Amino acid sequence: SGGCGEAFAGVGGRAYVRSMVRDGEQHATEWGLGSHPLLTAASSLTTALAAAHGAIDAGSDPAWLAPADQGDLLTALGRAQASLDALLMRVLPACSGPGSVAEDTAARTAADWLAHRQHTRANRLHAATRLGQALDRWARLGAALAAGEITTDHARAAVEALDRLPRTGPDALDPDVLSEAEAVMLGHCREFTPAQIRTLGARLLEAVAPDVAERLEAARLAEEERQARRETTFSMSRTGRGTRRFRGEIPELHASILEDALRAITTPRRTHLDGGIPFHDTESPWNDDG
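Residues numbered from 1 in each chain as written. Predicted model: local features only at pLDDT ≥ 70, side-chain atom pairs only at ≥ 80, totals over all residues. Heavy atoms only, no water.

Moving on, we get to the overall build of the protein. When its secondary structure is counted, the protein shows 14 helices and two strands. The buried share of the protein, taken over its 290 residues, is 25%. For the protein, the share of sequence-separated contacts (at least 6 apart) that also reach a separation of at least 24 residues comes to 48%. For the protein, the accessible area works out to roughly 19500 Å², and carbon and sulfur atoms hold 56% of it. (Helix = DSSP H or I, 4+ residues; strand = E, 2+ residues; numbered from the N terminus. Buried < 20%, exposed > 50% of the residue type's maximum accessible area, 1.4 Å probe, protein only. Contact = heavy atoms within 4.5 Å. Areas by Shrake-Rupley, 256 points an atom, 1.4 Å probe, with all protein chains shown as cover.)

Attention shifts here to unusual backbone geometry. Positive phi, normally seen in glycine, also occurs at A106, with a value near 65°. In this structure, A106 sits in the loop between helix 5 (101-104) and helix 6 (110-118). The exposed category is assigned to A106, whose relative accessible area is 73%. Positive phi outside glycine occurs at H119, with the angle close to 55°. With respect to the element layout, H119 can be found in the loop between helix 6 and helix 7 (123-137). Under the relative-accessibility criterion, H119 is labelled exposed at 73%.

For T109, the position within the fold is in the loop between helix 5 and helix 6. Taking the relative accessible area as the measure of exposure, T109 reaches 18% and is therefore buried. Filtering out sequence-adjacent residues up to four positions away, T109 remains in contact with S96, A102 and H126.

Right, let's talk about helix 10 (residues 175-189) for a bit. Its 15 residues place the ends of helix 10 21 Å apart at the C-alpha level, agreeing with the 21 Å of an ideal helix rising 1.5 Å per residue. Burial in helix 10 covers these residues: V177, L178, A181, E182, M185, L186, H188 and C189. Along its buried surface, helix 10 packs onto helix 8 (139-146), helix 9 (152-163), helix 11 (194-201) and helix 12 (204-208). (Expected span 1.5 Å × (residues − 1).)

Let us look at a nonpolar patch on the surface. Among the surface-exposed residues, L38, L45, L84 and L87 lie close enough to one another that they form a single nonpolar patch of about 300 Å² accessible area. Contributing elements (two or more residues each) for the nonpolar patch: helix 3 (37-57) and helix 4 (67-94). Given a relative accessible area of 40%, L84 falls into the partly exposed group. (Patch = residues over 30% accessible without salt bridge, like charges linked within 9 Å, V, L, I, M, F, W, Y side chains within 5 Å. Salt bridge = Lys/Arg side-chain N within 4 Å of Asp/Glu carboxyl O.)

Time to look at the side chain of T129. Examined against the element boundaries, T129 turns out to sit in helix 7. Given a relative accessible area of 14%, T129 falls into the buried group.

Its place among the elements puts S83 in helix 4. Residues in contact with S83, not counting those within four places in the same chain, are L145, A146 and G148.

Between helix 7 and helix 9, whose axes approach to 10 Å, the crossing angle comes to 60°. Relative to helix 9, the element helix 7 lies oblique. You can see that helix 7 and helix 9 cross each other, and the crossing is left-handed. Facing A127, A128, L131, A134, L135 and R137 of helix 7, the residues of helix 9 in contact are T152, A155, R156, V159 and D163. Partitioned by chemical class, the residues of the contact of helix 7 with helix 9 number seven nonpolar, one polar and three charged. (Axes fitted to C-alpha atoms, helices over the stretch in contact; angles between N-to-C directions. Parallel < 35°, antiparallel > 145°, perpendicular 65-115°, else oblique. Left-handed = near helix turned anticlockwise from the far one by under 90°. Nonpolar A, V, L, I, M, F, W, Y, C, P; charged D, E, K, R; others polar.)

Right, let's get into the nonpolar core. Residues L141, L145, I150, L162, L165, L173 and L204 are the most contacted members of the largest nonpolar core, which totals 39 residues. Secondary-structure elements contributing two or more residues to this core are helix 4, helix 6, helix 7, helix 8, helix 9, helix 10 and helix 12. Beyond its immediate sequence surroundings of up to four residues, L204 is in contact with A161, L162, L165, A181, V184 and M185. (Core = buried A, V, L, I, M, F, W, Y, C linked by side-chain atoms within 4.5 Å.)

Glancing now at the pairing of strand 2 (residues 244-249). Bridge count between strand 1 (residues 233-238) and strand 2: six bridges; the pairing is antiparallel. The partner of R238 across the bridge, within strand 2, is R244. In textbook terms, the turn of a hairpin is the stretch between consecutive antiparallel strands, and for strand 1 and strand 2 this stretch comprises five residues, one of which, G240, has a positive phi near 85°. (Pairing = 2+ DSSP bridges.)

What follows is the structure, encoded as structure tokens:
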């Protein structure tokens, strides 16, 4: 039973898949199912799943298994699910081009065709297609998902972090650095939850290329300041009661200077003087009114 949980792992998992394809090609000839290994594999999968469901229906209760065997069974099923997800991701784009089932039925993509066939929304299938295309760029993550070593949610979280890395332009990372980043995220997938991976992925560039991260952060802050200056507006108007009303939007730094200046002339300690006006800012941390 211990080998059941390990059948999909690492190089052994890929060898298992290759073996399954070879067996499928042999069975295809024997059973007349056609010569394409993917059709054979799909037929074998549905047959095996039907046999598993039939075994449960016939009284083979998983609850009778020893706890260690139950763990092996659950692990193997989880790995198989991830591997099947990866296979669908690889097949969907291939079935969307010229001469495909999508073109033949006037569907926009194979994801739309399958969603129509299953009477469901295509969002999930479109997301699977995009993830599959992204995994073409990150081959080790794709291989790990195909082998069932990581889950689809882990792969998606890792890809989101990796795709934010600069791969073109003056700040493009070297292939070796990108490979290191992929290895880092693959290691995270084996230790953390998808939510934790997203948190760690937000700092990925700092971990693998701190000099580039610092340069890009400086550029981001500079652009943020330029944008703030472009959006700056300020106007004043007389109220006719000896006061003026002002409104506008100014950069944070200038707002701090203005706030300090206004606070200096409107401090509560001066309210006993003529013209002393209490300063109230409902959003300021200095406001104690609630």
